[in-house]
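A structural walkthrough
Residue-level listing of the chains:
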Amino acid sequence: VALVIHGFTLYPRTMDHYVKLFAGLGMNVIAPRLSRHYTMDNADLDNVSFREWVKDAEQAYAAATHLGKRVVLVGFSLGGLLSMRMALAHPESADALFVFSPAIRMNPTASLGSVIGMTGMKYKGFNVPPATCGKPYMSAKAGHQIEKLMDHNERSFFPNGNYTTGDSSVYF
């Protein structure tokens, strides 16, 4: 069974290439839509918690294990972060892990961008309004939830600090 998880602000159809690839190999494929993603209003992401995304991934993983004993995890960006989390949480049934541009850790500039996006600020005479990053609307609050998920994964699975040392993704 392949579990294919899309990235931040995206939806399952953006992962069609991988869905078709694994289905073509004769595998069952599950491609969930993460909570508050790709709704009629992108501002819905302002009210999301990373715990909802973890729950989405866990529910999809449970469904996958009902279809087969081994699960191939595929994820892009936020989906990569969630796929890695599932592989670490379920080593007995995670068969393979394919991640593309996984959101492992934000660099300091991206973290600052998340805070500025949530609060707004005045910088060198320019007013940066809160929670807007151009069009289409990009939720800085949800970006901050991704950062919380990154920290939560690190504390949960690598309590002694043996995680990544490099930056992997920048969202803002």
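In what follows, the accompanying structure is described.

1. A look at the overall build of the protein
Within the protein one finds five helices and six strands. The order of α-helices and β-strands along the protein, N terminus first, is β-α-β-α-β-α-β-α-β-β-α. The 172 residues of the protein split such that 44% are buried. Looking at the protein as shown, the accessible area adds up to about 9100 Å², and 56% of this sits on carbon and sulfur atoms.

2. Things to note about unusual backbone geometry
Notably, R36 is not glycine yet its phi reads approximately 65°, a positive angle. The topology assignment puts R36 in the loop between β2 (29-30) and α2 (50-67). Look at Y38: it is not a glycine, yet its phi comes out positive at around 55°. Tracing the backbone through its elements, the reader meets Y38 in the loop between β2 and α2. The exposure class assigned to Y38 is partly exposed, which follows from its relative accessible area of 47%.

3. Considerations on the sheet that holds strand β3 (residues 71-76)
The sheet built from four strands is open, its strands ordered β2-β1-β3-β4 with parallel pairing. Each edge of the sheet is formed by a strand with only one pairing partner; in this case those strands are β2 and β4 (94-100). Along the sheet face, helix α3 (residues 78-89) touches β1 (2-5), β3 and β4 and points at about 150° away from the line of β3.

4. Description of the packing of α3 against helix α5 (residues 140-157)
For the pair α3 and α5, interaxial distance at closest approach is 11 Å and the crossing angle is 20°. Between α3 and α5, the angle falls in the class roughly parallel. Note on packing geometry: the crossing formed by α3 with α5 is left-handed. When α3 is examined against α5, the residues L78, L81, L82, R85, L88 and A89 are found in contact with a partner set consisting of I146, L149, M150, H152, N153, S156 and F157. Of the residues that constitute the contact of α3 with α5, the class distribution is nine nonpolar, three polar and one charged.

5. Observations concerning the side chain of H37
When you line up the elements, H37 lands in the loop between β2 and α2. Those residues in contact with H37 that lie beyond four places of it in its chain are H6, G7, F8, T9, L10, L45, W53 and L78.

6. Things to note about helix α1 (residues 16-24)
By the burial criterion, the buried members of α1 are D16, V19 and F22. Down the axis of α1, the buried set is contained in an arc of 135°. They therefore lie on one face. Residues of α1 that are exposed and point more than 90 degrees away from the buried face comprise H17, K20 and G24. The inward-facing, buried residues of α1 contact β1, β2, β3 and β4.

7. Quick look at the pairing of β3
By the criterion of burial, β3 is predominantly enclosed, with five of the six residues buried. With α3 bridging β3 and its parallel neighbour β4, the resulting β-α-β unit is right-handed.

8. Focus on the pattern of salt bridges
Taken as a whole and assessed by the stated rule, the structure comprises three salt bridges. A salt bridge links D16 to R13, with the shortest nitrogen-to-oxygen separation between them at 2.9 Å. For R13, a relative accessible area of 58% translates into the label exposed. Ionic pairing is found between R36 and E52, a salt bridge with its closest N-O pair at 3.1 Å. Of this pair, R36 sits in the loop between β2 and α2 while E52 sits in helix α2, placing them 16 residues apart in sequence. Classification of E52 as partly exposed rests on a relative accessible area of 23%.

Calculation rules
- Residues numbered from 1 in each chain as written.
- Predicted model: local features only at pLDDT ≥ 70, side-chain atom pairs only at ≥ 80, totals over all residues.
- Heavy atoms only, no water.
- Helix = DSSP H or I, 4+ residues; strand = E, 2+ residues; numbered from the N terminus.
- Buried < 20%, exposed > 50% of the residue type's maximum accessible area, 1.4 Å probe, protein only.
- Areas by Shrake-Rupley, 256 points an atom, 1.4 Å probe, with all protein chains shown as cover.
- Pairing = 2+ DSSP bridges.
- Contact = heavy atoms within 4.5 Å.
- Axes fitted to C-alpha atoms, helices over the stretch in contact; angles between N-to-C directions.
- Parallel < 35°, antiparallel > 145°, perpendicular 65-115°, else oblique.
- Left-handed = near helix turned anticlockwise from the far one by under 90°.
- Nonpolar A, V, L, I, M, F, W, Y, C, P; charged D, E, K, R; others polar.
- Arc of directions from axis to C-beta.
- Right-handed = clockwise from strand over helix to strand, strands pointing away.
- Salt bridge = Lys/Arg side-chain N within 4 Å of Asp/Glu carboxyl O.

Nothing here speaks to function; it is geometry throughout.
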